[in-house]
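Structure at a glance
Read off the chains here:
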Amino acid sequence: MELPALLLEMENLGTEQNRKIYHRHGVAGPQYGLSFANLKKLQKRIKKDQALAVELWATGNHDCRILATLVADPGQAGGECLESWRADLDNYIVTDSFAGFVGQTALARRKAGEWTQRREEWPGRAGWQLTAHLAMKDPDLPDAYFEERIAVITASIHQGRNRVKDAMNNALIAIGIRNPHLEELAIAAARTIGKVEVDHGETSCKTPDAEGYIRKTVARRKSRGG
């Protein structure tokens, strides 16, 4: 698909209402205001196209960058591309979509380790969202890896940047539902940590209570025979 035609289609699909919603969620730069349903339809049509993904990202448009993470090819996106995109992150929506893409690449573990050590808000959030992804999607990582992550979260979550704290809490939940041993450790950590204060801006979003979320998810899984 040619970029000019795609951009025109995206502009026509955007709505003022969506732009207002995304603005409340921290999107400050240019955007069309596409719904995620429409972005997913475009993804289904385009499938994987790394060259187009690079072009989309380079526009600087929020919707284009979300679509870029959806159509980028995990097998073709090397470290240089990932670091370039990481440097452009400017809100939690695109950061989470980016982290989801990085989680599909061969560099997921390395980037999770690197970015969780960053002090800046968006790289830090990307690293912890990646950690959550690894907890849910990478069965080969040993418990010791996540035990160390729990220790870091417990010791530093309250000192983290706003959206980093939220991602660390997400990672703790994901680790806690990985297996019974990590569930026990994550719940103990959640009790030590206490309430995690996150400013969600002009939205009704709330930071989930890690212990409660873990227990409900595990109970739901057991009820389904999982």
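Details of the structure are given in the entry above.
Every chain is numbered on its own, with residues counted from 1 as its sequence reads. Totals for whole chains, interfaces and linings use all residues, but because this is a predicted model, local features are given only for residues with pLDDT of at least 70 and pairs of side-chain atoms are given and counted only at 80 or more. Only hydrogens and water are set aside when side-chain values are computed; all heavy atoms of the structure are taken into account.

Focus on the nonpolar core
Here the nonpolar core consists of buried residues drawn from Ala, Val, Leu, Ile, Met, Phe, Trp, Tyr and Cys, with membership extended through side-chain atoms lying within 4.5 Å. When accessible area is computed with a 1.4 Å probe and restricted to protein chains, residues below 20% of their type maximum are described as buried, those above 50% as exposed, and intermediate ones as partly exposed. Counting 69 residues, the largest nonpolar core has Met-10, Leu-56, Leu-67, Trp-85 and Leu-172 as the members making the most contacts within it. The contact criterion used throughout is that any non-hydrogen atoms of two residues lie within 4.5 Å. Each residue touching Leu-67, except ones within four places of it in the same chain, is listed here: Leu-6, Met-10, Leu-39, Leu-42, Gln-43, Ile-46 and Leu-56.

What about the side chain of Thr-116?
If you trace the backbone, Thr-116 turns up in the loop between helix H8 (108–115) and helix H9 (121–137). We classify Thr-116 as buried; its relative accessible area is 12%. Only 3.1 Å separates the side chain of Thr-116 from the side chain of Arg-149, close enough to count as a polar contact. Every helix listed is a DSSP run of H or I at least four residues long, and every strand listed is a run of E at least two residues long, numbered separately from the N terminus. Here a polar contact is recorded for every N or O atom pair within 3.5 Å, except that within protein the pair must consist of a potential hydrogen donor and a potential acceptor, and residues adjacent in sequence are included only if both atoms are side-chain atoms.

Section: the packing of helix H11 (residues 162–176) against helix H12 (residues 180–193)
In this analysis, axes come from line fits to C-alpha atoms, helices being fitted only over the stretch in contact, and the angle between any two N-to-C directions falls in the range 0 to 180 degrees. Look at H11 against H12: their axes get within 7 Å of each other, and the N-to-C directions meet at 150°. By the angle class used here, H11 and H12 are roughly antiparallel. Here H11 contributes Leu-172, Ile-175 and Gly-176 to the contact with H12, which in turn contributes Leu-182, Glu-183, Ala-186, Ala-189, Ala-190 and Ile-193. Residues are grouped as follows: nonpolar covers Ala, Val, Leu, Ile, Met, Phe, Trp, Tyr, Cys and Pro; charged covers Asp, Glu, Lys and Arg; every other residue, Gly included, is treated as polar. Looking at the contact of H11 with H12, its residues break down into seven nonpolar, one polar and one charged. Note that the term roughly parallel is reserved for angles under 35 degrees, roughly antiparallel for angles over 145, roughly perpendicular for angles of 65 to 115, and oblique for everything else.

Considerations on the environment of Gln-17
Within the secondary structure, Gln-17 sits in helix H2 (residues 16–24). On the accessibility criterion, Gln-17 (46% relative accessible area) is partly exposed. Note: C-alpha distance between Gln-17 and Leu-34 (17 residues apart in sequence) is 9.6 Å.

Considerations on the side chain of Thr-95
Tracing the backbone through its elements, the reader meets Thr-95 in helix H7 (residues 92–102). Residues contacting Thr-95, with those up to four places away along its chain left out, are Leu-89, Trp-122, Arg-125 and Ala-126.

Notes on the packing of aromatic side chains
Between rings of Phe, Tyr and Trp, where Trp is taken as its six-membered ring, a pair exists when centres lie within 6.5 Å; planes separated by under 30 degrees are stacked, by over 60 edge-to-face, and by other angles tilted. With the rule as written, the count across this model stands at five aromatic pairs. Ring centres of Trp-57 and Phe-98 lie 6.3 Å apart, and the angle between their planes is 50°; on these two criteria the pair is classed as tilted. Here Phe-98 lies in helix H7 and Trp-57 lies in helix H4 (residues 50–58), a separation of 41 residues in the sequence. The buried category is assigned to Trp-57, whose relative accessible area is 3%. Judged by its relative accessible area of 0%, Phe-98 falls in the buried class. Ring plane angle 40° and centroid distance 6.2 Å describe the contact between Trp-85 and Phe-101, whose orientation is recorded as tilted. Residue Trp-85 is found in helix H6 (residues 79–88), and its partner Phe-101 is found in helix H7; the two are separated by 16 residues along the sequence. We note that Trp-85, like Phe-101, is buried. Linked through ring pairs, Trp-57, Trp-85, Phe-98, Phe-101 and Trp-115 together constitute an aromatic cluster.

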